[in-house]
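Each chain, written out:
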Amino acid sequence: MIVDGTRLSDRAIELVLAYYAAFNRGDAAAMLDLLTDDVAHDINQGARETGKAAFSEFLGRMERCYREQLRDIVVMANQAGDRAAAEYTVHGEYLATDDGLPAASGQKYTLPGGAFFDVRDGLIARVSNYYNLEDWVAQVSS
């Protein structure tokens, strides 16, 4: 298969890869620039939040509590380019205690994860993140 950026699926894949590149750089502003104003964000095992303001607050909490890099990223998209999925491995460090979670003391963790995306007008309109919370809790509790 040739990925040349001209197909809608190629553009969706490039969009998601740009989102994760910004994540890995810690560039919240660049991440927000790739989202629709009404972005839906499904937090793993949590509620759906809507809008860039809520997403920005989430990113602030993530920056305060975690240092993460995503590796081994694989992105797939449908032919229409309006849906995409990603699988990756999170390599992280738990920096500050997050509400309702175990106490943080710089614990390191490695965790498989994934996400689903809706794409609209060249921007991400939905991000639904998934990982095994019990696995993460076990890693940071030991």
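Residues numbered from 1 in each chain as written. Predicted model: local features only at pLDDT ≥ 70, side-chain atom pairs only at ≥ 80, totals over all residues. Heavy atoms only, no water.

Asker: Help me out: how do you make sense of the pattern of salt bridges in this one?
Answerer: Should the charged atoms of two oppositely charged side chains come close, the side chains can pair. Counted under the stated rule, the structure contains 9 salt bridges. Asp37 serves as the salt-bridge partner of Lys52, at 3.7 Å between the closest nitrogen and oxygen. Here Lys52 is found in helix H3 (residues 52-65), whereas its partner Asp37 is found in strand S1 (residues 35-42), with 15 residues between them in sequence. Overall, Lys52 belongs to the partly exposed group, its relative accessible area being 26%. Classification of Asp37 by relative accessible area gives exposed; the value is 64%. We note a salt bridge from Arg67 to Glu93, for which the minimum N-O separation is 2.9 Å. Separated by 26 residues along the polypeptide, Arg67 in strand S3 (residues 66-77) and Glu93 in strand S4 (residues 83-94) bring together distant segments of the chain. A cluster of three or more residues bridged by salt bridges with shared partners is formed by Arg83, Asp118 and Arg126. (Salt bridge = Lys/Arg side-chain N within 4 Å of Asp/Glu carboxyl O. Helix = DSSP H or I, 4+ residues; strand = E, 2+ residues; numbered from the N terminus. Buried < 20%, exposed > 50% of the residue type's maximum accessible area, 1.4 Å probe, protein only.)

Asker: Is there a simple way to think about the packing of aromatic side chains in this case?
Answerer: Given two aromatic rings, one states the distance between the centres and the angle between the planes to describe the pair. The full count for this structure, using the stated rule, is 10 aromatic pairs. Taking the centre distance of 6.2 Å and the plane angle of 55 degrees together, the rings of Phe55 and Phe58 count as tilted. With Phe55 and Phe58 both in helix H3 and 3 residues apart, the pair spans about one turn of that helix. Judged by relative accessible area, Phe58 falls into the buried class, the value being 13%. Ring geometry for Tyr109 versus Trp136: centroids 5.9 Å apart, planes at 80 degrees, classification edge-to-face. You can see Tyr109 sitting in strand S5 (residues 107-120) and its partner Trp136 sitting in helix H4 (residues 133-141), a full 27 residues away along the chain. For Trp136, a relative accessible area of 4% translates into the label buried. Counting every residue linked through ring pairs, the aromatic cluster contains Tyr19, Tyr20, Tyr88 and Phe117. (Phe/Tyr/Trp six-rings, centres within 6.5 Å; stacked < 30°, edge-to-face > 60°.)

Asker: When you look at H3 in this model, what are you seeing that I'm missing?
Answerer: An α-helix turns once per 3.6 residues; consequently, residues spaced three or four apart project the same way. For H3, with 14 residues, the first-to-last C-alpha span of 20 Å sits near the 20 Å given by 1.5 Å per residue. The inward-facing, buried residues of H3 abut helix H1 (8-25), helix H2 (28-33), S1, strand S2 (48-50), S3 and S4. (Expected span 1.5 Å × (residues − 1). Contact = heavy atoms within 4.5 Å.)

Asker: Can you walk me through the side chain of Thr89 in this structure?
Answerer: Position of Thr89 among the secondary structure elements: in strand S4. The exposure class assigned to Thr89 is buried, which follows from its relative accessible area of 18%. Those residues in contact with Thr89 that sit more than four places away from it in its chain are Gln69, Leu70, Arg71, Asp72, Thr110, Leu111 and Pro112.

Asker: I tried to follow the nonpolar core on my own but got confused; where do I start?
Answerer: One recurring pattern in soluble globular proteins: nonpolar side chains tend to sit buried together. Counting residues in hydrophobic clusters, the biggest one holds 36 residues, and the most contacted among them are Tyr19, Tyr20, Phe55 and Phe117. Among the elements that line this core, the one with the most residues is H1, at 8 residues. Look past the residues within four positions of Phe55 in its chain and what remains in contact with it is Tyr19, Met31, Leu32, Leu35, Val39 and His41. (Core = buried A, V, L, I, M, F, W, Y, C linked by side-chain atoms within 4.5 Å.)

Remember that the coordinates give geometry; whether it matters functionally is a separate question.
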